[in-house]
Amino acid sequence: WINLKKQKLGFSESINKRETDESSKDRVSLLNRIKSCGREKNLCELRRIHDDIFHGNNSVFVKDVYVSTSLITTFAKCGALKESRDVFEQLPARNVVTWTALIAGYVTQGFGHEALECFRKMQDEGVSPNAITYACILKACGIVGSLEIGERIDAEVRKKGLLEKDIVLGITLVNMYAKCGVLDKAHRVFKEMPVRNVVAWTTLIDGYVMHGRGDEALKCFRQMQDEGICANVVTYMCILKACCIVGSLKIGEDIHDEITKQGLLKKDVGIGTALIDMYCRCGPIEKAQAVF
């Protein structure tokens, strides 16, 4: 009897394992299909997948947080924010991951006010934000120029000790203060960051350029180089704009040499446009024509 019981138990476990494996494969396949829709901006197929999950054969995935989050994110990526919100509203339960996916969708499409409203509702439901949520909300504050909310998020982030642990959060905080025009606070946050990479430096430089402070941008660029941080394409574009502000042809030509050595001019149209603009503003026009 004991041996028979063991055989039945083993048979049952084998069936459960096989069903689990098949379910896992279906899940991976579904996530890949959703990802493909986002890559190809295929809204028709994405809508079919959505209907199949909420009204068809794949209803088992309604409670799957990864599948629902992927749907919310992909609809937003395709610009279908109403459908992204519809998916969110249809969920039987909502957590910080699904809330953050919706907030990120609004931020990605430049709808800062809607993102902030979602954040308020999330907090009203008693859901605590994580580092990614805070980063999204700081971007929303930058979009709408809400310094008050941004400063409140800054205080919360510091209270939780997240700034020391998350470089992305530090960068978005620098960016928020820069976009709100409070460059002294942007620089203060930047100096407090335990690790400063090229993205952090470029964000600060771009903040100075954004507000016409070319000299400070060039000073930051020199400090970045002194620390051994290599510039990327975005950094070079920011510095070329700084050269336009201060009328520095010499630095612009030095940047041109660096860009040429790295072969970036053949890879990125944007940097070529920035070079042309720099030569047009700082002269000589012949060099602008040569770059063109």
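Structure: see above.
Keep in mind the model is a prediction, meaning the values are calculated, not measured.

Student: Go over the overall build of the protein with me, naming the residues and quoting the values.
Tutor: The helix and strand inventory of the protein stands at 16 helices and zero strands. Overall size of the protein, expressed as C-alpha extent along the three principal axes, is 90 × 45 × 40 Å. Every one of the 292 residues in the protein was classed for burial, and the buried ones make up 43%. Residue pairs in contact within the protein that sit at least 24 positions apart in sequence constitute 60% of those at least 6 positions apart. Accessible surface, the protein: about 15900 Å² in total, of which carbon and sulfur atoms supply 53%.

Student: Tell me about the pattern of salt bridges, and please be specific about residues and values.
Tutor: This structure, assessed with the given rule, holds 19 salt bridges. Notably, a salt bridge pairs glutamate 89 with arginine 94, separated by 3.7 Å at the nearest N-O pair. Taking relative accessible area as the criterion, arginine 94 reaches 27% and is therefore assigned partly exposed. We note a salt bridge from glutamate 216 to arginine 213, for which the minimum N-O separation is 3.2 Å. The exposure class assigned to arginine 213 is partly exposed, which follows from its relative accessible area of 33%.

Student: Please set out the side chain of glutamate 45 residue by residue, giving values where relevant.
Tutor: Mapped onto the elements of the fold, glutamate 45 is located in helix α2 (residues 43-55). Here the side chain of glutamate 45 touches arginine 33 through a polar contact of 2.9 Å, side chain to side chain. Among all residues touching glutamate 45, those that are not within four sequence positions of it are Arg33 and Cys37.

Student: How would you summarise the state of the cysteines if you had to cite specific residues and measurements?
Tutor: One pass over the structure, following the stated rule, counts zero disulfides. Here cysteine 37 stays unpaired: no disulfide links it, and the sulfur of cysteine 78, its closest cysteine neighbor, is 7.3 Å away. The thiol of cysteine 282 is unpaired, and the distance to the nearest cysteine sulfur, on cysteine 244, comes to 5.1 Å. A relative accessible area of 19% places cysteine 282 in the buried class.

Student: Let's hear about the packing of helix α7 (residues 131-144) against helix α9 (residues 167-179): which residues, and what values?
Tutor: Two numbers describe how α7 lies on α9: the axes approach to 8 Å, and their chain directions differ by 15°. In this view, α7 runs roughly parallel relative to α9, as classed from their interaxial angle. The hand of the α7/α9 crossing is left-handed. Of α9, the residues touching α7 (which contributes Ala131, Tyr134, Ala135, Leu138, Lys139, Cys141 and Gly142) are Leu169, Thr172, Leu173, Met176 and Lys179. Counted by class, the contact of α7 with α9 contains eight nonpolar, two polar and two charged residues.

Student: Please set out helix α13 (residues 233-246) residue by residue, giving values where relevant.
Tutor: Counted at 1.5 Å a residue, the expected span for α13 with its 14 residues is 20 Å, and the 20 Å between its end C-alpha atoms agrees. Among the residues of α13, Thr235, Tyr236, Cys238, Ile239, Leu240, Ala242, Cys243 and Cys244 are the ones counted as buried. Buried residues in α13 make contact with α11 (198-210), α12 (214-226), α14 (249-261) and α15 (269-282). Its side-chain oxygen placed 3.1 Å from the backbone nitrogen of valine 234, asparagine 232 serves as the N-cap of α13. Positioned one or two residues after α13, glycine 247 has a phi angle of 70°, which is positive.

Reading guide: rules and limits
Residues numbered from 1 in each chain as written. Predicted model: local features only at pLDDT ≥ 70, side-chain atom pairs only at ≥ 80, totals over all residues. Heavy atoms only, no water. Helix = DSSP H or I, 4+ residues; strand = E, 2+ residues; numbered from the N terminus. Buried < 20%, exposed > 50% of the residue type's maximum accessible area, 1.4 Å probe, protein only. Contact = heavy atoms within 4.5 Å. Areas by Shrake-Rupley, 256 points an atom, 1.4 Å probe, with all protein chains shown as cover. Salt bridge = Lys/Arg side-chain N within 4 Å of Asp/Glu carboxyl O. Polar contact = N/O pair within 3.5 Å; in protein donor to acceptor, adjacent residues only side chain to side chain. Disulfide = S-S within 2.5 Å. Axes fitted to C-alpha atoms, helices over the stretch in contact; angles between N-to-C directions. Parallel < 35°, antiparallel > 145°, perpendicular 65-115°, else oblique. Left-handed = near helix turned anticlockwise from the far one by under 90°. Nonpolar A, V, L, I, M, F, W, Y, C, P; charged D, E, K, R; others polar. Expected span 1.5 Å × (residues − 1).

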